[in-house]
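Chain by chain, the residues run as shown.
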Amino acid sequence: MVRINTSNRCGKTLTIQLMGYINRPEFDILYDFLQSQVAEGITEVCIVANEVRSLNPFLEPEATRLGQLGLTLRFQQLDFSIKHTLECWGLEAWIDD
């Protein structure tokens, strides 16, 4: 299960905090949430992920699908294993240390 908290919205930038475990159903929830934000004019999302417990490493297609929304995604405060997974998927541009 994943929990999404909206921390801050400033113009076209949204900061959210993710907590929990990210598997296929959670990617679907995150995708739907981000898609609704695109519809509201958001172009950049900062994702604070310091409380994400795990990211299923077999879900690269679901992760790259997030990139198809046209948002600038920036993950912050990542656990080493999650950061490594994003790097293995070629999504280094999403890592914002």
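The structure presented is a predicted model; accordingly, all values stated were derived computationally and were not measured.

Draft legend 1. Summary view of the environment of D28. Counting through the fold element by element, D28 comes out in helix α1 (residues 24-39). On the basis of relative accessible area, D28 is assigned to the partly exposed category, the value being 32%.

Draft legend 2. Broad picture of the pattern of salt bridges. All chains considered together, the criterion is met by five salt bridges. Across the pair R24 and E62 runs a salt bridge whose closest N-O atoms are separated by 2.8 Å. A residue pair is termed long-range when its members are at least 10 positions apart, and R24 in helix α1 and E62 in helix α2 (residues 60-67) qualify at 38 residues. Using a relative accessible area of 46% as the deciding quantity, one classes R24 as partly exposed. The closest approach of N and O atoms between R74 and E44, which form a salt bridge, is 2.8 Å. Taken together, the residues R74 in strand β4 (residues 72-76) and E44 in strand β3 (residues 44-55) connect sequence positions 30 residues apart. Since its relative accessible area comes to 24%, R74 is described here as partly exposed. Overlapping salt bridges, with partners in common, bring together E44, R74 and D96 in one network.

Draft legend 3. Representation of the pairing of β4. In this structure, β3 lies alongside β4, joined through five bridges in parallel fashion. The residue of β4 that forms the bridge with E44 is T72. Note that the unit made of β3, α2 and β4 has a crossover that is right-handed.

What counts, and where the lines are drawn
Residues numbered from 1 in each chain as written. Predicted model: local features only at pLDDT ≥ 70, side-chain atom pairs only at ≥ 80, totals over all residues. Heavy atoms only, no water. Helix = DSSP H or I, 4+ residues; strand = E, 2+ residues; numbered from the N terminus. Buried < 20%, exposed > 50% of the residue type's maximum accessible area, 1.4 Å probe, protein only. Salt bridge = Lys/Arg side-chain N within 4 Å of Asp/Glu carboxyl O. Pairing = 2+ DSSP bridges. Right-handed = clockwise from strand over helix to strand, strands pointing away.

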